[in-house]
Amino acid sequence: MMLPKVELHLHLEGAAPPAFIRGLAAERHIDIGRVFDERGGYAFTDFWHFLKVYEAATSVLTTPGDYRRLTRAVLAESAASGVIYTEAFLSPDFCGGRDLSAWRDYLAAIREAAEEAERQEGIVMRGIVTPIRHFGPEKARETAICAVETAGDWLVGFGLAGDEKSGNPKDFSWAFDAAREAGLRLTCHAGEWGGPQSVRDAIRDLRVERIGHGVRAIEDLALVDEIAERGTVLEVCPGSNVALGLYPSFRAHPIHRLRERGVKVTVSTDDPPFFHTTMEREYALLAEAFDWDDGVFGVIARTSAEAAFCTEETRKKLLKILEKAHA
Ligand code: ADE
Ligand code: ZN
């Protein structure tokens, strides 16, 4: 039987099936340049090229209706991999250019698709607004206003994605302070392309409770111990890290060492079709690399449910499903 899974780190546009983007580009007669390889998958050479290809692919999504269709397609894929709950990163930058009224329309369309998926496939989705770091702090401020105005039981978190080498976490403290005051829960990409100091800065300057990736904390064991003590949760995406060349293989990935040292690790896919992965594949490759059994995956799924930014009522439902599957 397929294990139920809880995913905390998924970029909505990054989860777009390539055929979906290709079809939309053809429909709209939009030339997005060299985005695909000869086999029809996304083509990129490194992380920075990946970000360019990501933005080119995203440029074909131009209406709330596109995002409704996208959300539906993405959630169907996730549900097929056993995902019962997913938190997706949503960017007002791509959804209406940070215009609040447009953002409300995009968000309504995404929620509508999510509600349909929940009715039909049982998968629950919640949203996390993420400014894009390399677009700069001023745009992040506008993005934070979109997040604050739409915060609630569905739009539950605020994060930061994009090029970790661009600027410093503290440049974004206005946006994170506004989000925190609005009751949004906080996460930040760090410790993927930046080292341990980048993780330290995100924790200290943005006061986040989760870190996107965070895996390079392993380069400083005092930091690993601090993360474990604080209970900061890492949204680890092993397949993404391997596909982007951060580690040569699953076996070389630090997730096992982080876990053994007491860090709360969770497992997600990041941008699954870009990295030719799914939650089912991540679980299978982790099982193979580290000899993890269903008991370990049960702990990981429970850690994820406990760290989810949803209401307590939703969390209880998730924990119940997990408890039943692992009884
Ligand atoms: N946007 C989409 N995927 C990302 C990643 N892995 N790191 C930073 N920004 C991203
Ligand atoms: Zn990510």
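What this report covers is the structure whose coordinates are included nearby. Everything numeric here is computed off the predicted structure, so don't read it as measured data. (Residues numbered from 1 in each chain as written. Chains lettered and ligands numbered in written order. Predicted model: local features only at pLDDT ≥ 70, side-chain atom pairs only at ≥ 80, totals over all residues. Heavy atoms only, no water.)

## Considerations on helix α3 (residues 64–80)
Thinking step 1. With 17 residues, α3 extends 24 Å from end C-alpha to end C-alpha; this agrees with the ideal 24 Å at 1.5 Å per step.
Thinking step 2. For α3, every residue scored as buried is listed here: Asp-66, Tyr-67, Leu-70, Thr-71, Arg-72, Val-74, Leu-75 and Ser-78.
Thinking step 3. Summarising the contacts, the buried residues of α3 are in contact with β1 (5–11), α1 (18–28), α2 (47–58), β2 (83–90), α4 (100–121) and β3 (124–129).
Thinking step 4. Backbone geometry just after α3 places Gly-82 at a positive phi near 90°. (Helix = DSSP H or I, 4+ residues; strand = E, 2+ residues; numbered from the N terminus. Expected span 1.5 Å × (residues − 1). Buried < 20%, exposed > 50% of the residue type's maximum accessible area, 1.4 Å probe, protein only. Contact = heavy atoms within 4.5 Å.)

## Topic: the site of ligand 1
Thinking step 1. Contacts to ligand 1 come from His-11, Phe-47, Phe-50, Tyr-54, Ala-161, Gly-162, His-189, Glu-192, His-213, Asp-270 and Asp-271.
Thinking step 2. In the model, a nitrogen atom of ligand 1 is placed 2.9 Å from a nitrogen or oxygen of the Gly-162 main chain.
Thinking step 3. One nitrogen or oxygen atom from the side chain of His-213 is found 3.5 Å from a nitrogen atom belonging to ligand 1.
Thinking step 4. Coverage of ligand 1 by the protein chains reaches 97% of its 260 Å² of free accessible surface.
Thinking step 5. When its residues are assigned to classes, the shell around ligand 1 shows four nonpolar, four polar and three charged.
Thinking step 6. Three or more residues apiece are contributed to the shell around ligand 1 by two domains, here domain 1 (5–16 + 69–325) and domain 2 (18–60). (Near = heavy atom within 4 Å. Polar contact = N/O pair within 3.5 Å; in protein donor to acceptor, adjacent residues only side chain to side chain. Areas by Shrake-Rupley, 256 points an atom, 1.4 Å probe, with all protein chains shown as cover. Nonpolar A, V, L, I, M, F, W, Y, C, P; charged D, E, K, R; others polar. Domains from an automatic or database assignment.)

## Things to note about the environment of Thr-277
Thinking step 1. Note that Thr-277 resides in the loop between β8 (264–267) and α11 (279–290).
Thinking step 2. On the accessibility criterion, Thr-277 (6% relative accessible area) is buried.
Thinking step 3. Spatially, the C-alpha atom of Thr-277 lies 17 Å from that of Ile-21, the residues being 256 residues apart in sequence.
Thinking step 4. Excluding anything up to four places from it in sequence, Thr-277 contacts Thr-269, Pro-272 and Glu-282.
Thinking step 5. For Thr-277, the side chain forms a polar contact with the side chain of Arg-281, separated by 3.0 Å.

## Quick look at the sheet that holds strand β7 (residues 233–236)
Thinking step 1. Strand order in the open sheet made by the eight strands is β1-β2-β3-β4-β5-β6-β7-β8, with parallel pairing throughout. The open sheet has two free edges, formed respectively by β1 and β8, since each of these has just one partner strand. Neighbour-to-neighbour, the strand axes of the sheet open up by a mean angle of 30°, direction not taken into account.
Thinking step 2. Note that β7 and β8 share four bridges and pair parallel. By the bridge assignment for β8, Leu-234 is matched with Val-265.
Thinking step 3. Across the face of the sheet, helix α12 (residues 294–307) comes into contact with β1, β6 (210–213), β7 and β8 while running at roughly 100° to β8. (Pairing = 2+ DSSP bridges. Axes fitted to C-alpha atoms, helices over the stretch in contact; angles between N-to-C directions.)

## Comments concerning unusual backbone geometry
Thinking step 1. Unusually for a residue other than glycine, Arg-98 sits at a positive phi of about 65°.
Thinking step 2. With respect to the helices, strands and loops of the structure, Arg-98 is situated in the loop between β2 and α4.
Thinking step 3. Its identity as a non-glycine residue notwithstanding, His-213 has a phi of 75°, on the positive side.
Thinking step 4. Mapped onto the elements, His-213 comes out in strand β6.
Thinking step 5. For His-213, a relative accessible area of 0% gives the class buried.

## Some points on the coordination of the zinc ion (ligand 2)
Thinking step 1. Distances from the zinc ion (ligand 2) to its protein donors, His-9 (NE2), His-11 (NE2), His-189 (NE2) and Asp-270 (OD), fall at 2.1 to 2.2 Å.
Thinking step 2. Classification of the site at the zinc ion (ligand 2) rests on its four donor atoms, whose angles at the metal span 86 to 171°, yielding the label irregular.
Thinking step 3. Each donor residue of the zinc ion (ligand 2) belongs to the same chain, with the gaps between them written as H-x1-H-x177-H-x80-D. Taken together, the residues span a long stretch of sequence, with His-9 in strand β1 and Asp-270 in the loop between β8 and α11 at a distance of 261 residues.
Thinking step 4. Assessed through its relative accessible area of 3%, Asp-270 is described here as buried. (Donors = N, O, S within 2.8 Å, 3.2 Å for Na, K, Ca; no water. Tetrahedral: all angles 85-135°; square planar, octahedral: opposite > 155°, others 65-115°.)

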